[in-house]
Amino acid sequence: MPPRPAVTRRPLTRRTGALLACAALAVLAGCGGGSGGGEPAKKDSGSPGAARAATSRAERTLPGMPPVTDPRDLYAADRPGRLSPVVKDFPSRVYVPNTNSDTVSVIDPKTYKVIRTIRVGAQPQHVVPSWDLKTLWVNNDKGNSLTPIDPRTGKAGKPVDVHDPYNLYFTPDGKYAIVMASLDRELVFRDAHTMERKRTEPVSCYGVNHADFSRDGRYFIVSCEFSGELLKVDTARMKVVARQKLPFEGAMPQDVKISPDGKTFYIADMMADGVWVLDGAKFSQPELLKTGKGAHGLYVSRDSRQMYVSNRGEGTISVFEFAKGEVATKWRLPDGGSPDMGGVSADGKVLWLSGRYDEEVYAIDTRTGKQLARIPVGSGPHGLAVYPQPGRYSLGHTGVFR
């Protein structure tokens, strides 16, 4: 296995964030206007032609993957209120991993209050819904373990030994969990239920981090945070099939999200202060769309029309319009902040984001961009999960549902 990078994860502080931000002096922030929780776009999926096209496409998907419900909208199953029978009786909660406190804060979204604090392993990074929606996995990166939480009761179970679990994803067929072993420089494919190691794919880039899957599930795109690279991975073969360096000095790619029509991948870059726009099939050189300083997290609205981009370095959220291919508006947090990772409420009305350097969580109205609450939590809040959410199954991270 190649040697580890000369980069170690340390407890995050505001000073650390400021030093990182200084590397992107030449970048300007974008701006624009829109809202987030409207009705789904009209469609004609009931026509014979559309049905045949959907069936034809489904035949080419990753074997075992649930059929695509609407080839024109990968997020069609994520509409407000469309909760799976598996999760419909789960209480609505926001789970916040506090990286420096080794805890998970549990927030009641109705009262905006922390109702429980769960002690977990060292340096929890993300809270990840399992493929079958039954479990929340806390990624204890330095603790080399995954702590399961029962979302029905909110109680934590016995940790499972897993080395360097910085982030966690699931293959669309539900067979494997994919551990983003950032400092080990590996993609580790494990049984999705037992977490038994099945295959290890060494990578030559530094800091494998975030990912998202193609429409057919046959490949996924991975960001490499510390070396400014992207990987293309064959899902069935569990092999890296392509790699490229981003065309920006000091690039630091973060979250990855596919467009509703499945044609484009978006990759947030906290040093380029924007989002890379990538043709995943061709894997050609992407173009940079400016959003704001420290672009970090990407979240699709419940109507699939917009994507919220958290700009951690300037305390803003850019609202990107898929149809126009541009930023429509920018929301600014009053009194600043460090919006990082999070998710959208089940009804689509609230965007929840962790404040990485400020020991707080933000609740933002997706119709107006108004801040609804700032909730104190532990130190270094990171990949929070809003749960439950609509969708048939989870692809991992803080909640990528199909």
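Please read these numbers as outputs of a predicted model, since none were measured by experiment.

What follows covers the overall build of the protein. A count of helical and extended segments in the protein gives two helices and 29 strands. Residues counted as buried form 61% of the 402 residues belonging to the protein. Across the protein, every contact between residues at least 6 apart in sequence was considered, and the portion connecting residues at least 24 apart equals 51%. Of the accessible surface of the protein, which amounts to about 15,500 Å², a share of 51% is contributed by carbon and sulfur atoms.

To continue, consider the state of the cysteines. Taken as a whole, this structure holds one disulfide when the rule is applied. Across the disulfide, Cys 205 is cross-linked to Cys 224 (sulfur-sulfur distance 2.0 Å). Looking down the S-S bond of the Cys 205 and Cys 224 bridge, the torsion is -50°, so its handedness is left-handed. Separated by 19 residues along the polypeptide, Cys 205 in the loop between strand S12 (197-202) and strand S13 (208-213) and Cys 224 in strand S14 (residues 219-224) bring together distant segments of the chain.

What follows concerns the sheet that holds strand S24 (residues 326-332). If you walk across this open sheet you meet the four strands as S21-S22-S23-S24, and the pairing is antiparallel. Each edge of the sheet is formed by a strand with only one pairing partner; in this case those strands are strand S21 (295-300) and S24. Between one strand axis and the next, the sheet turns by 25° as a mean value, whatever way the strands run. In this sheet, S24 lies alongside strand S23 (residues 316-321) in antiparallel orientation, the contact comprising six bridges. Looking at the pairing, Glu 321 lines up with Glu 326 of S24.

This part takes up the packing of aromatic side chains. Enumeration over the complete set of coordinates arrives at ten aromatic pairs. Aromatic rings pair up to connect Phe 90, Tyr 387 and Phe 401 into one cluster. Residue placement shows Lys 232 over the ring face of Tyr 219; its charged tip is 4.3 Å from the ring centre.

In this section: the side chain of Thr 316. Here Thr 316 lies in strand S23. For Thr 316, the side chain forms a polar contact with the side chain of Glu 314, separated by 2.7 Å. Not counting the four nearest positions on each side in its chain, Thr 316 is found in contact with Val 309, Ser 310, Asn 311, Lys 330, Trp 331, Arg 332 and Pro 339.

The strand order S25-S26-S27-S28 describes an open sheet built from four strands, whose pairing is antiparallel. The outermost strands of the open sheet, each flanked by one partner alone, are strand S25 (339-344) and strand S28 (371-376). For this sheet, the mean angle separating the axes of adjacent strands, direction not counted, is 20°. With four bridges connecting them, S25 and strand S26 (residues 350-355) associate as antiparallel partners. Paired with Gly 343 across the strands is Trp 352, a residue of S26.

Right, let's get into the pattern of salt bridges. By the definition in use, this model includes 14 salt bridges. Note that Asp 89 is salt-bridged to Lys 88, the shortest N-O span being 3.5 Å. For Asp 89, a relative accessible area of 55% gives the class exposed. As a salt-bridge pair, Glu 201 and Arg 199 come within 2.9 Å of each other at their nearest N and O atoms. Of the residues examined, Glu 201 reaches a relative accessible area of 5% and is grouped as buried. Classification of Arg 199 by relative accessible area gives partly exposed; the value is 24%.

On to the pairing of S13, then. Burial runs high along S13: six of the six residues are buried. Pairing geometry for S13 and S14, over four bridges, is antiparallel. Bridge assignment links Asp 212 to a residue of S14, and that residue is Ile 221. Hairpin remark: S13 followed by S14, antiparallel, with five residues in the connecting loop; positive phi at Gly 217, about 75°.

What follows covers the confidence of the model for the protein. Mean pLDDT for the protein: 89, with 85% of residues reaching 70 or above. Every residue in residues 1-58 is under pLDDT 50, and counting partners more than four places away or in other chains gives 105 contacts.

Before going further, it helps to examine the environment of Leu 231. Positionally, Leu 231 belongs in strand S15 (residues 229-234). A C-alpha to C-alpha distance of 9.3 Å links Leu 231 and Ala 211, two positions 20 residues apart in sequence. With sequence-adjacent residues up to four places away left out, Leu 231 is seen in contact with Val 203, Cys 205, Val 208, Phe 220, Ile 221, Val 222, Cys 224, Val 240, Ala 242, Arg 243 and Phe 283.

Moving on, we get to unusual backbone geometry. Following Tyr 387, the chain continues to Pro 388 via a peptide bond in cis, the omega torsion being 0°. For Pro 388, the position within the fold is in the segment after strand S29 (385-387). Here the phi dihedral of Asp 273 falls at roughly 60°; this positive angle occurs in a residue that is not glycine. Along the chain, the position of Asp 273 falls in the loop between strand S18 (265-269) and strand S19 (274-278). Here Asp 273 falls in the buried class, since its relative accessible area comes to 3%. Residue Asp 335 is not a glycine yet carries a positive backbone phi of 70°. Mapped onto the elements, Asp 335 comes out in the loop between S24 and S25.

What counts, and at which threshold
- Residues numbered from 1 in each chain as written.
- Predicted model: local features only at pLDDT ≥ 70, side-chain atom pairs only at ≥ 80, totals over all residues.
- Heavy atoms only, no water.
- Helix = DSSP H or I, 4+ residues; strand = E, 2+ residues; numbered from the N terminus.
- Buried < 20%, exposed > 50% of the residue type's maximum accessible area, 1.4 Å probe, protein only.
- Contact = heavy atoms within 4.5 Å.
- Areas by Shrake-Rupley, 256 points an atom, 1.4 Å probe, with all protein chains shown as cover.
- Disulfide = S-S within 2.5 Å.
- Pairing = 2+ DSSP bridges.
- Axes fitted to C-alpha atoms, helices over the stretch in contact; angles between N-to-C directions.
- Phe/Tyr/Trp six-rings, centres within 6.5 Å; stacked < 30°, edge-to-face > 60°.
- Lys NZ or Arg CZ within 6 Å of the ring centre and 35° of its normal.
- Polar contact = N/O pair within 3.5 Å; in protein donor to acceptor, adjacent residues only side chain to side chain.
- Salt bridge = Lys/Arg side-chain N within 4 Å of Asp/Glu carboxyl O.
- pLDDT = per-residue confidence, 0-100.

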